[in-house]
Amino acid sequence: MIIKEKVKKIFVAIIIILFFVFVYFFFYEPRYDGLIGNWEGTRIIAHRGFGNYAPDNGLSGVKLALDNKMDGVDLDGQLTKDGELVIFHDLRVDRLTNGAGYVRDKTLEELKELDLGIKLDESFIGEKISTFEEIVKEVNGQAILMVELKVSELGDTGVEKKAVEIIQRNGAHDYVYLSSFNPIVLYRLKKLDKNIRTVFIFMDTNWNEDIRKEVPSADLKDLPFFLRSEFTRRAIRKIIEPDLLSVNKEVDEKTIERLISKGWPIFLWPLDSEEDLEKSLEKKPYGIITNEPISGRSLRDE
């Protein structure tokens with residue numbers, strides 16, 4: 001009988017502990033405790049370089065953003081066939097260049113032969129695809145450089161190691177933020193270097209129509225349900241410990257307000273219309289990501 005009573009007590013204790021662990025991970029929202037210290041004001045981040053006014057993810061857009069004293073630029077990074085980290089949005093080069101095929105199937109040399117500006121405006125003809133390191137050197141601490149690492153699989157592709165090495169080599173910890181929809185990528189980054197500034201991107205819905213127009217259906221993978229639910233994202237954040245959050249504007253208002261009230265530095269996106277910009281600025285987030293950076297800054301400064 002004594003043994004049975006002890007087993008029963010142990011079992012009850014385990015259940016109670018598991019209950020509190022469950023509540024902590026899935027219901028409790030602690031105060032923010034990341035690398036971003038006390039901050040004021042909202043930063044205007046130019047989407048894909050300089051939004052609608054320069055080649056997508058091009059060096060010329062980054063230079064325009066810096067010349068116009070933007071607070072930062074938001075770009076996309078992925079690996080080439082020969083393991084180089086380049087700045088490019090789409091998985092395929094077809095839509096944005098005069099070439100065809102996947103970025104992952106081309107070497108850096110082959111990508112450098114493509115024209116990134118030819119489909120936007122004749123004034124940008126001759127624009128080349130840049131490497132992550134070239135952009136890091138160009139920004140050189142003048143603004144925030146946020147780069148989304150585009151990795152859909154769970155396996156280690158080596159992109160995290162490559163990005164961290166470049167940041168370390170250039171002493172860029174303070175101004176380079178690495179973002180991803182994939183929490184495993186952010187987890188690996190922190191394991192490689194705890195001082196890397198990581199940004200967890202999320203949304204409540206699947207891809208919107210604008211994204212679907214840009215990406216061929218064969219390349220568009222649905223976001224898993226657990227990344228679209230705040231219930232599970234709350235647990236994910238505790239495990240991967242991101243330093244900032246990049247939140248789609250259509251995420252539930254209560255979620256956004258709660259996270260801001262807990263001190264989370266949040267980027268809101270995509271914000272292009274005056275109405276969206278004004279509505280988002282009222283929330284006083286850490287930053288907004290927009291294709292209309294000049295308008296965004298004017299509204300903020302007003």
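The coordinates are above.
Thresholds applied
- Residues numbered from 1 in each chain as written.
- Predicted model: local features only at pLDDT ≥ 70, side-chain atom pairs only at ≥ 80, totals over all residues.
- Heavy atoms only, no water.
- 1 Å grid on protein atoms, 1.4 Å probe; cavity = no way out; pocket = protein on both sides within 12 Å on 5 of 7 lines; lining within 4 Å.
- Points joined across faces, edges and corners; volume = space filled by probe spheres on them.
- Helix = DSSP H or I, 4+ residues; strand = E, 2+ residues; numbered from the N terminus.
- Buried < 20%, exposed > 50% of the residue type's maximum accessible area, 1.4 Å probe, protein only.
- Arc of directions from axis to C-beta.
- Contact = heavy atoms within 4.5 Å.
- Polar contact = N/O pair within 3.5 Å; in protein donor to acceptor, adjacent residues only side chain to side chain.
- Salt bridge = Lys/Arg side-chain N within 4 Å of Asp/Glu carboxyl O.
- Axes fitted to C-alpha atoms, helices over the stretch in contact; angles between N-to-C directions.
- Parallel < 35°, antiparallel > 145°, perpendicular 65-115°, else oblique.
- Left-handed = near helix turned anticlockwise from the far one by under 90°.
- Nonpolar A, V, L, I, M, F, W, Y, C, P; charged D, E, K, R; others polar.
- Phe/Tyr/Trp six-rings, centres within 6.5 Å; stacked < 30°, edge-to-face > 60°.
- Lys NZ or Arg CZ within 6 Å of the ring centre and 35° of its normal.
- Patch = residues over 30% accessible without salt bridge, like charges linked within 9 Å, V, L, I, M, F, W, Y side chains within 5 Å.
- Areas by Shrake-Rupley, 256 points an atom, 1.4 Å probe, with all protein chains shown as cover.

Things to note about the layout of surface pockets
Stage number 1. Reported here for the second largest pocket is a volume of approximately 380 Å³.
Stage number 2. Counting residues per element, the ones that place at least two in the lining of the second largest pocket are helix H1 (2–26) and helix H8 (230–240).
Stage number 3. The dominant element in the lining of the second largest pocket, judged by the number of residues it contributes, is H8, at three residues.

Examining helix H9 (residues 253–261)
Stage number 1. Within H9, burial applies to Thr255, Ile256 and Leu259. Considered in projection along H9, the buried side chains sweep an arc of 95° and stay on one side of the axis.
Stage number 2. Contacts made by the buried residues of H9 are with strand S7 (197–202), H8, strand S8 (244–248) and strand S9 (266–269).
Stage number 3. The residue sitting at the N-terminus of H9 and contributing the capping side-chain oxygen is aspartate 252; that oxygen lies 3.1 Å from the backbone nitrogen of lysine 254.
Stage number 4. Of the residues flanking the end of H9, it is glycine 263, one or two places downstream, whose phi is positive at about 90°.

Examining the environment of isoleucine 36
Stage number 1. Tracing the backbone through its elements, the reader meets isoleucine 36 in the loop between H1 and strand S1 (43–47).
Stage number 2. Once the C-alpha coordinates of isoleucine 36 and tryptophan 264 are considered, the two residues, 228 residues apart in sequence, prove to be 9.0 Å apart.
Stage number 3. Not counting residues up to four positions away in its chain, the partners in contact with isoleucine 36 are Tyr177, Arg197, Asp243, Leu244, Pro265 and Tyr286.

A word on the pattern of salt bridges
Stage number 1. All chains considered together, the criterion is met by 23 salt bridges.
Stage number 2. One salt bridge connects glutamate 230 with arginine 237, and the closest N-O pair in it is separated by 2.6 Å. An identical accessibility class is assigned to glutamate 230 and arginine 237; each is buried.
Stage number 3. Between glutamate 253 and lysine 279 there is a salt bridge whose closest N-O contact spans 3.6 Å.

Let's talk about the packing of helix H10 (residues 274–282) against helix H11 (residues 293–301)
Stage number 1. Close contact between H10 and H11 brings their axes to 10 Å; oriented N to C, the two are set at 45°. Comparing their axes, H11 and H10 come out oblique. Note on packing geometry: the crossing formed by H10 with H11 is right-handed. Contact residues: H10 offers Glu274, Leu277, Glu278 and Leu281, while H11 offers Ser295, Gly296, Leu299 and Arg300.
Stage number 2. Considering only residue class, the contact of H10 with H11 consists of three nonpolar, two polar and three charged.

As for the packing of aromatic side chains
Stage number 1. Inspection of every chain in the model, using the stated rule, returns 16 aromatic pairs.
Stage number 2. Measuring from ring centre to ring centre gives 5.4 Å for phenylalanine 267 and tyrosine 286, while their planes differ by 90°; the resulting arrangement is edge-to-face. With phenylalanine 267 in strand S9 and tyrosine 286 in the loop between H10 and strand S10 (287–290), the pair connects residues that are 19 residues apart, well separated along the chain. Judged on exposure class, the residue phenylalanine 267 and its partner tyrosine 286 are both buried.
Stage number 3. Here the aromatic residues Phe22, Phe26, Phe27 and Phe231 are joined through ring pairs into a cluster of three or more.
Stage number 4. The lysine or arginine in question, arginine 43, covers the ring of tyrosine 286, its NZ or CZ lying 4.1 Å from the ring centre.
Stage number 5. The ring of tyrosine 24 carries lysine 238 above its face, with NZ or CZ at 5.3 Å from the centroid.

Section: the packing of H8 against H9
Helix-helix packing is characterised by the crossing angle of the two axes and by the distance between the axes.
Stage number 1. At a closest axis distance of 12 Å, the pairing of H8 and H9 adopts a crossing angle of 25°. If you check the angle between H8 and H9, you find them roughly parallel. Crossing of H8 over H9 shows right-handed handedness. Listed contacts from H9 to Glu230, Arg233, Arg234 and Arg237 of H8 are Thr255, Arg258 and Leu259.
Stage number 2. Each residue belonging to the contact of H8 with H9 can be placed in one class, and the counts come to one nonpolar, one polar and five charged.

What to know about a nonpolar patch on the surface
Stage number 1. Taken together, Ile10, Phe11, Val12, Ile14, Ile15, Ile16, Leu18, Phe19 and Phe20 make up a surface patch of nonpolar side chains, about 900 Å² in accessible area.
Stage number 2. Following the sequence through the fold, phenylalanine 11 ends up in helix H1.
Stage number 3. Note on phenylalanine 11: relative accessible area 53%, which makes it exposed.

A look at helix H6 (residues 183–192)
Stage number 1. Buried within H6 are the following residues: Pro183, Val185, Leu186, Arg188, Leu189 and Lys190.
Stage number 2. Check the buried side of H6 and you find it contacts strand S5 (144–149), helix H5 (159–169), strand S6 (176–180), S7 and H8.
Stage number 3. Its side-chain oxygen placed 3.0 Å from the backbone nitrogen of isoleucine 184, asparagine 182 serves as the N-cap of H6.

Here we look at the environment of phenylalanine 200
Stage number 1. Tracing the backbone through its elements, the reader meets phenylalanine 200 in strand S7.
Stage number 2. The spacing of phenylalanine 200 and serine 180 is 20 residues in sequence and 5.7 Å in space, taken between C-alpha atoms.

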